[in-house]
Amino acid sequence: MRASQQDFENALNQVKLLKKDPGNEVKLRLYALYKQATDGPCNMPKPGMLDFVNKAKWDAWNALGSLPKETARQNYVDLVSSLSSSSEAPSQGKRGADEKARESKDILVTSEDGITKITFNRPTKKNAITSQMYRDIILALKNASTDNTVMAVFTGTGDYYCSGNDLTNFTSATGGIEEAASNGAVLLRDFVNSFIDFPKPLVAVVNGPAVGISVTLLGLFDGVFASDRATFHTPFSQLGQSPEACSSYTFPKMMGSAKAAEMLLFGKKLTAREAWAQGLVTEVFPESTFETEVWTRLKTYAKLPPNVMRISKELIRKHEKQKLYTVNAEKCAAALERMPREEYAKALRNFLFRKAKAKL
Ligand SMILES: CCCCCC/C=C/C(=O)SCCNC(=O)CCNC(=O)[C@H](O)C(C)(C)COP(=O)(O)OP(=O)(O)OC[C@H]1O[C@@H](n2cnc3c(N)ncnc32)[C@H](O)[C@@H]1OP(=O)(O)O
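As recorded in an unreviewed UniProt entry, the protein goes by Enoyl-CoA delta isomerase 2 and comes from Mus spicilegus. Annotation of the protein in UniProt includes, under Sequence similarities (unreviewed entry), the sentence "In the C-terminal section; belongs to the enoyl-CoA hydratase/isomerase family." UniProt annotates the protein under Function (unreviewed entry) with the comment "Able to isomerize both 3-cis and 3-trans double bonds into the 2-trans form in a range of enoyl-CoA species. Has a preference for 3-trans substrates."

In structure tokens form, the structure reads like this:
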């Protein structure tokens, strides 16, 4: 099958997210194929002998002769695909078998009654997710996908479910904003892929307000049980960011484009009942009975035949898995470009200095 323009664009995005430097040989080949696919045969004057870099690029491009644009595009897509699978395969299963669950105070992982419970446990920061917490969650999901539990459930300690990405995650980066953005994009991609790939039922017990990525991720869950105290807020435009975790795809599918835009573009905060009416939440419970009712229900669900639930989930997800990977990769590439921008920096400054300002 010939690679489409969309496949080519996806490959261009994927290249930006490669974890390992593929080396100069491969980079030259990628350059040459890209130029051939977009401009056709080499049409540049030959650089001088001492202009080493441009001469090497010219040689690589010129060596492709009259290779048709479509073939170059296909070869580019194939090369990127081989680089992606050899160096960074899907997030699950790619780490060493000897990797053990990390003791983590900010992400608690327990297993009981057939349920892996993963708790955001940073209540003094409203359970904001640090870079380490993203990594802990990837590992917890990887372990839960192969252990003998039946489902995984996320919840939060304290009054919040989760206040989203820790906005200070990249403020102390030593290697500069470009490098931080690049590392962040890779981490985000692996993090979201681990939700796309999770093979068992995945449920959120939303005990209080949820912000940002903790909301967008819900589109990849199989059940969302919310206290009537919970709210759902995705203030991306206010933060100079674009929506992640495939929500640009899952939200319009779930609630229609107008309601999805209200959340993802205009940052409307929904109550639990509004979120239920939009199809984002499965059921809302009164705060007073929330914990008892929800956990009783989940323990019953965890007694259903695990293999049947796995197979059913696979059937539900399998036709759109590829689409979800693509949307995720696109978003991560976009994040890479947005993060160093002024709008994002300004939103961060406003958050970090809001308390100081309030005192003035
Ligand atoms: C790997 C890269 C992934 C990138 C993924 C992209 C993800 C995007 C998102 O998730 S966007 C959403 C980001 N989150 C927010 O914008 C929320 C920011 N927080 C707030 O607006 C407020 O703190 C609040 C509404 C959640 C709660 O307000 P309030 O009740 O007034 O409490 P405080 O503001 O005093 O908060 C208490 C304490 O927690 C710290 N904190 C809360 N949220 C965050 C956060 N998201 N990041 C960092 N820190 C947070 C807050 O600073 C206070 O700390 P302090 O007591 O001042 O030390």
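Turning next to the nonpolar core. Across soluble globular proteins, nonpolar side chains have a tendency to be buried as a group. Residues F154, Y161, F195, F221 and F232 are the most contacted members of the largest nonpolar core, which totals 55 residues. F8, L64, V77 and L83 belong to the second largest nonpolar core, which has 19 residues in total.

Turning our attention to the environment of A245. Within the secondary structure, A245 is located in the loop between β7 (231-233) and α8 (247-255). For the pair formed by A245 and L188, sequence separation is 57 residues and the distance between their alpha carbons is 8.3 Å. Aside from chain neighbours lying at most four places away, what touches A245 is V192, T216, L217 and L220.

Time to look at the sheet that holds strand β1 (residues 107-112). Reading across from one edge, β1-β2-β3-β4-β6-β9 is the order of the 6 strands in this open sheet, with mixed pairing throughout. With one partner strand each, in any of the chains shown, β1 and β9 (283-285) form the two edges of the open sheet. The mean angle between the axes of side-by-side strands here comes to 20°, regardless of whether they run parallel or antiparallel. Of the pairings in the sheet, the one linking strand β6 (residues 223-227) to β9 comprises 3 bridges and is parallel in character.

For the rest of this paragraph, the subject is the layout of surface pockets. By rolling a water-sized probe across the atoms, one finds the places where empty space is left. Its volume calculated, the largest pocket comes out at about 1000 Å³. Along the wall of the largest pocket there are 44 residues; nearest its centre are S163, G164, N165, D166 and L167. Of all the secondary-structure elements, those providing two or more residues to the lining of the largest pocket are α5 (131-146), α6 (177-197), β5 (210-211), β7, α13 (321-338), α14 (342-352) and α15 (354-359). Among the residues making up the lining of the largest pocket, the classes are represented as 21 nonpolar, 13 polar and 10 charged.

As a further point, take the packing of aromatic side chains. Tallying each qualifying case throughout the model produces 11 aromatic pairs. Arranged with centres 5.9 Å apart and planes meeting at 40°, the rings of F120 and F154 form a pair that is tilted. Pair noted here: F120 is in strand β2 (residues 115-120) and F154 is in strand β3 (residues 151-156), with a separation of 34 residues, a long-range link. Considering the side-chain rings of F154 and F195, the 5.4 Å spacing of their centres and the 35° angle between planes classify their relative orientation as tilted. Note that F154 is positioned in strand β3 and F195 in helix α6, a separation of 41 residues in sequence. One exposure class covers both F154 and F195, and it is buried. Of the aromatic side chains, those joined through ring pairs into one cluster are F120, Y134, F154, Y161, F191, F195 and F221. Over the face of the ring belonging to Y31 we find K57, whose NZ or CZ atom lies 4.9 Å from the ring centre. One residue, K117, lies across the ring of W295, its end atom 4.9 Å from the ring centre.

Taking strand neighbours across the sheet as the criterion, the 3 strands line up as β5-β7-β8 in an open arrangement whose pairing is mixed. What marks the edges here is a single partner per strand, and that holds for β5 and β8 (270-271). As defined by bridge partners, β7 adjoins β8 across 2 bridges and the pair is classed as antiparallel. Bridged to T231 within β8 is T271.

A positive phi is found at D113, a non-glycine position, where the angle reads about 55°. Residue placement: D113 occurs in the loop between β1 and β2. On the basis of relative accessibility, which here comes to 44%, the residue D113 falls in the partly exposed class. One non-glycine residue, A245, adopts positive backbone phi at about 55°.

Calculation rules
- Residues numbered from 1 in each chain as written.
- Predicted model: local features only at pLDDT ≥ 70, side-chain atom pairs only at ≥ 80, totals over all residues.
- Heavy atoms only, no water.
- UniProt positions renumbered as here; feature names shortened; annotations may be inferred.
- Core = buried A, V, L, I, M, F, W, Y, C linked by side-chain atoms within 4.5 Å.
- Buried < 20%, exposed > 50% of the residue type's maximum accessible area, 1.4 Å probe, protein only.
- Helix = DSSP H or I, 4+ residues; strand = E, 2+ residues; numbered from the N terminus.
- Contact = heavy atoms within 4.5 Å.
- Pairing = 2+ DSSP bridges.
- Axes fitted to C-alpha atoms, helices over the stretch in contact; angles between N-to-C directions.
- 1 Å grid on protein atoms, 1.4 Å probe; cavity = no way out; pocket = protein on both sides within 12 Å on 5 of 7 lines; lining within 4 Å.
- Points joined across faces, edges and corners; volume = space filled by probe spheres on them.
- Nonpolar A, V, L, I, M, F, W, Y, C, P; charged D, E, K, R; others polar.
- Phe/Tyr/Trp six-rings, centres within 6.5 Å; stacked < 30°, edge-to-face > 60°.
- Lys NZ or Arg CZ within 6 Å of the ring centre and 35° of its normal.

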